[in-house]
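# Secondary and tertiary structure notes
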Amino acid sequence: MNNSCFLRLANEMKIRGLLNDSRMVSVEEQLAIFIFTLAHNERNRVVQNRFQHPGETISRHFNKYLQACVRLEKLYLTLAGRGVRQEISSNQLFYPWFKDCVGAIDGTHIPAWVPVGDQQGYRNRKGFLSQNVLAVVVFDMNFQYVLAGWEGSASDSRVLRNAIWERQQNKLKVPNGKYYVVDAGYANTKGFLAPYHGTRYHLREWSQTQAPQTARELFNLRHLKLRNVVERTFAWNWDDEFFEEDMENEIENCESLNNIDFDSDSDEELGDGPTDDDKQYMFNFRDRIAQNIWNPRAIR
């Protein structure tokens, strides 16, 4: 975390009234204690020596900062809704075809500092050490779920599988009858709508002179416009608030953001993993959307 980001976060806590300077410890030092303890997984005694405060003071301010971070949840996290998102219902590019979409999912690689013996697992395909962080974003550009901690060598689909089917607590749950848009690195299965493989998808492949020529191309273009809310959310939240614009590559600990009640009685039951029937259901569902979007164009 660079100096500017550090000071912005401390100022955020002050402005929102979440923390105040104490007689002996400023908000900035409280933040330093909190980050030092988390980043280095240090014992209280080591932190006492580093900051020259009694153990009780260290423990008290660490817990105060942790509670303040959790309270930020309401400002930066949005729970999954049961109705149609306003951002979709008001946009003729998406409604009514994507009316059951509640958000977008993507992974991002965050630089990691790990012991030499653990570095192999954290080295990603681009050659640097990182965590693969899963982010779920809704269309008002707020986070809904974040899962941090996976090694950079882990694939996006592997991280999502853990979030849905393997974790005992803080699972990602899909509201009944709803789904998330995901990129081609994830399976196209019940609850998760991926683009068509082997069909133009990325923005650099499109231009005003290269309009979609098939139903699949048009679907992929609309899908991309929905899913890029993830990139826009990283840039907007972490630039306009207290993070730098390039902080998509610098977040370090989001584990506390997973403690959300998703009203499990109303969530989709996805079993122990994607089944062939789940995949076939979503293949057919995707084909129907693609054809329904394309039909009015074909008539013209």
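Structural data are supplied above this passage.
First, a word on what this report is: a plain description of the structure on this page. (Residues numbered from 1 in each chain as written. Predicted model: local features only at pLDDT ≥ 70, side-chain atom pairs only at ≥ 80, totals over all residues. Heavy atoms only, no water.)

Interhelical geometry of helix 1 (residues 3–15) versus helix 2 (residues 27–40) gives an angle of 120 degrees and a closest axis separation of 9 Å. Of the two elements, helix 1 crosses helix 2, and the hand of that crossing is right-handed. Here helix 1 contributes Phe6, Leu7, Leu9, Ala10, Met13 and Lys14 to the contact with helix 2, which in turn contributes Val27, Glu28, Leu31, Ala32 and Ile35. Looking at the contact of helix 1 with helix 2 residue by residue, the classes come out as nine nonpolar, no polar and two charged. (Axes fitted to C-alpha atoms, helices over the stretch in contact; angles between N-to-C directions. Helix = DSSP H or I, 4+ residues; strand = E, 2+ residues; numbered from the N terminus. Left-handed = near helix turned anticlockwise from the far one by under 90°. Contact = heavy atoms within 4.5 Å. Nonpolar A, V, L, I, M, F, W, Y, C, P; charged D, E, K, R; others polar.)

Once that is clear, we can look at the packing of aromatic side chains. Applying the stated criterion across every chain, the model contains nine aromatic pairs. Ring geometry for Phe36 and Phe51: centres 5.8 Å apart, planes at 80 degrees, overall edge-to-face. Taken together, the residues Phe36 in helix 2 and Phe51 in helix 3 (residues 44–51) connect sequence positions 15 residues apart. Like Phe51, Phe36 is buried. Aromatic pair Tyr179 and Phe285: ring centres 5.4 Å apart, planes at 70 degrees, arrangement edge-to-face. One end of the pair, Tyr179, is in strand 4 (residues 179–181); the other, Phe285, is in helix 11 (residues 276–299), with 106 residues separating them in the sequence. For the pair formed by Tyr179 and Phe285, the shared burial category is buried. What links up through ring pairs into an aromatic cluster is the set Phe94, Phe98, Tyr196 and Phe219. Between the NZ or CZ atom of Lys190 and the centre of the ring of Tyr281, over which it lies, the distance is 5.6 Å. Positioned above the aromatic ring of Tyr196 is the side chain of Arg286, whose terminal nitrogen or guanidinium carbon lies 4.2 Å from the ring centre. (Phe/Tyr/Trp six-rings, centres within 6.5 Å; stacked < 30°, edge-to-face > 60°. Buried < 20%, exposed > 50% of the residue type's maximum accessible area, 1.4 Å probe, protein only. Lys NZ or Arg CZ within 6 Å of the ring centre and 35° of its normal.)

Looking now at the nonpolar core. Counting residues in each nonpolar core, the largest one holds 31 residues, and the members touching the most others are Phe98, Tyr179, Leu193 and Ile289. The contact partners of Leu193, leaving out residues within four places of it in the chain, are Phe98, Tyr179, Tyr180, Val181, Val182, Asn188, Phe219, His223, Met282, Phe285, Arg286 and Ile289. Leu134, Leu160, Ile164 and Tyr186 belong to the second largest nonpolar core, which has 20 residues in total. (Core = buried A, V, L, I, M, F, W, Y, C linked by side-chain atoms within 4.5 Å.)

Attention shifts here to unusual backbone geometry. With omega at 10 degrees, the peptide bond leading from Tyr95 into Pro96 counts as cis. Note on placement: Pro96 falls in the loop between helix 6 (86–89) and strand 1 (101–111). Located in the positive-phi region is Asn41, a residue other than glycine, with phi close to 50 degrees. Mapped onto the fold, Asn41 is located in the loop between helix 2 and helix 3.

Attention shifts here to the side chain of His61. By secondary structure assignment, the location of His61 is in helix 4 (residues 55–71). Not counting residues within four places of it along the chain, the set of residues in contact with His61 comprises Ser22, Val25 and Gln30.

The residue Arg227 is located in helix 9 (residues 215–227) in this model. On the accessibility criterion, Arg227 (5% relative accessible area) is buried. Only 2.9 Å separates the side chain of Arg227 from the side chain of Asp106, close enough to count as a polar contact. With near-sequence residues (within four places) excluded, Arg227 lies in contact with Ala104, Ile105, Asp106, Val181, Val182, Asp183 and Tyr201. (Polar contact = N/O pair within 3.5 Å; in protein donor to acceptor, adjacent residues only side chain to side chain.)

Another aspect to go through is the packing of helix 2 against helix 3. Axes are the key here: two packed helices are described by the angle between their axes and the distance separating the axes. It is at 11 Å that the axes of helix 2 and helix 3 come closest, and there the two elements cross at 140 degrees. In this view, helix 2 runs oblique relative to helix 3, as classed from their interaxial angle. Considering only the axes of helix 2 and helix 3, their crossing is right-handed. Across the interface between the two elements, Glu29, Ala32, Ile33, Phe36 and Thr37 from helix 2 touch Val47, Arg50 and Phe51 from helix 3. Looking at the contact of helix 2 with helix 3 residue by residue, the classes come out as five nonpolar, one polar and two charged. (Parallel < 35°, antiparallel > 145°, perpendicular 65-115°, else oblique.)

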